[in-house]
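Structural features, examined
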Amino acid sequence: MKLTERWIVALAVFLLSIGVVGCDLVSSDDASRTPWALAGLANRDVQELKLRHGMLHAATDSGLYRTPLDSEVKWTTGGLQGKTVVDVTWREDGAMLAGVQHENGQTGPVLYKRATPDAQWTPFDTGYGPDDYRHVRALASIPGSRDTLLARGMRNVARSVDGGEQWTSVWGGWDQIGYQAPLLYVSPHDPSVVFAGGEASNFQPYLVRSPDYGATWQRASGISAGGDNAVYAIIEHPDDPGRFLLGMEGRVLRSTDGGRNWTLVYEPPQYTYVFDFAARQVGDRTLIYAAGSENGTGAGRLTLHRTGNFGESWERISYTAGPDSAATRALALTEDGGHTRLYLGTTEGVYVYRP
């Protein structure tokens, strides 16, 4: 072997050892891929992403879409076309519920149900609130309970204990106004612990916590941001129950006592709004991703931050191919065969980042 060839081989081995060549930023099943790519649904406003049984579901401003995750992303329609679907959840019997948001002046059902993935959607909101105050901003089911469901109204939490046939407002009131009411979160470690949050009509953020599957609620402490703000997202440490991060407007808070009390840990630059979190395990480290938008608007630049010490320090992840003016509303992380994919539901479609 010539000296030049030896140097080329040695350089290749060195680059492999430090992760420059063959690193997991580029999927080995397609070397032409970049870390960032459009994963479909271009120009659609993606409200929420949900994973279930190997399928990624996207709730958008033009209906539901779904794609299997065992192959290339191939979106197919999931019904409710032409409607703004804000969230979906599943009962223990497999029935799927969807919440729909109407534009000002529009009327119609706000809850739909289908019994199987291929069944027709039917209105399912007869027992959901007074006629003039039927709003759905988020949905959640309680793992292990077929019949207990939760929903967010404008500034209330509604609860059903019969699978969605009847609903009772358990916090706030059907007629109360809230400008942002997106947060509804069930602890993955203890499903009796539930959080709800948003922004009140006086532009103040709030977070409430239930210790009993949504039956009763108490306000959390330390949420005030000293002005106009809102609560958008929460995540619990995957391996350390009771430790949470909270995403707000230009702030990330942390709780170490089960979500009862909160303190500021991060103020991202450009007053970034944090709309969702996702977590992955890398060796003995837990990485938390926080996504949102600069200045919080749909025209603000997409942002993605990461922490490896649960909020003590953060880094911003740059992208080489992505929307310059899109807010990230939702994250969904998948790991299969050594490949990690972080799907970002944005106001301009679904993007994928391969960390």
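Everything below is about the structure shown above.
Report on the accompanying structure. All figures in this text were calculated on a predicted structure; none of them were measured in a lab. (Residues numbered from 1 in each chain as written. Predicted model: local features only at pLDDT ≥ 70, side-chain atom pairs only at ≥ 80, totals over all residues. Heavy atoms only, no water.)

1. Here we look at the overall build of the protein
Secondary structure summary: the protein contains 1 helix and 28 strands in total. Across the 355 residues in the protein, those meeting the buried criterion constitute 52%. Within the protein, contacts between residues separated by at least 24 positions form 43% of all contacts whose residues are at least 6 apart in sequence. Of the roughly 15,900 Å² of accessible surface on the protein, a fraction of 49% belongs to carbon and sulfur atoms. (Helix = DSSP H or I, 4+ residues; strand = E, 2+ residues; numbered from the N terminus. Buried < 20%, exposed > 50% of the residue type's maximum accessible area, 1.4 Å probe, protein only. Contact = heavy atoms within 4.5 Å. Areas by Shrake-Rupley, 256 points an atom, 1.4 Å probe, with all protein chains shown as cover.)

2. Here's the deal with the sheet that holds strand 6 (residues 84-90)
Whether parallel or antiparallel, the strands of a sheet pair through hydrogen bonds between backbone atoms. Taken together, the 4 strands give an open sheet; going across it, the order is 6-7-8-9, and neighbouring strands pair in antiparallel fashion. Here the strands that pair on one side only, and so sit at the sheet edges, are strand 6 and strand 9 (122-123). Summarising the sheet, strand 8 (residues 111-114) and strand 9 pair through 2 bridges and their orientation is antiparallel. Among the inter-strand pairings, Lys113 is bridged to a residue of strand 9, identified as Thr122. (Pairing = 2+ DSSP bridges.)

3. So, the packing of aromatic side chains
For any pair of aromatic rings, the description rests on two quantities: the centre-to-centre distance and the angle between the ring planes. According to the stated counting rule, one finds 12 aromatic pairs in the structure shown. Plain terms: the ring middles of Tyr179 and Phe203 are 5.2 Å apart, the flat faces sit at 5 degrees to each other, and that makes the pair stacked. One end of the pair, Tyr179, is in strand 14 (residues 178-186); the other, Phe203, is in the loop between strand 15 (194-200) and strand 16 (205-210), with 24 residues separating them in the sequence. On the basis of relative accessibility, which here comes to 41%, the residue Phe203 falls in the partly exposed class. With centroids separated by 5.9 Å and ring planes inclined at 75 degrees, the aromatic side chains of Tyr271 and Tyr273 adopt a geometry described as edge-to-face. Residue Tyr273 is classed as buried on the basis of its relative accessible area, which comes to 15%. A connected cluster of aromatic rings, assembled from ring pairs, spans Tyr232, Tyr271, Tyr273 and Phe275. The ring of Tyr206 is capped by Arg155, whose NZ or CZ atom sits 4.9 Å from the centre of that ring. (Phe/Tyr/Trp six-rings, centres within 6.5 Å; stacked < 30°, edge-to-face > 60°. Lys NZ or Arg CZ within 6 Å of the ring centre and 35° of its normal.)

4. A closer look at the pattern of salt bridges
Applying the stated rule across the entire model yields 10 salt bridges. The shortest N-O distance in the salt bridge between Asp45 and Arg329 comes to 2.7 Å. With Asp45 in the loop between strand 1 (36-38) and strand 2 (46-52) and Arg329 in strand 26 (residues 328-336), this pair connects stretches of sequence that are 284 residues apart. Owing to a relative accessible area of 16%, Asp45 belongs among the buried residues under this scheme. Residues Arg243 and Asp240 are paired through a salt bridge, measuring 3.4 Å at the closest nitrogen-oxygen approach. (Salt bridge = Lys/Arg side-chain N within 4 Å of Asp/Glu carboxyl O.)

All quantities given are derived from atomic positions and should not be read as evidence of function.
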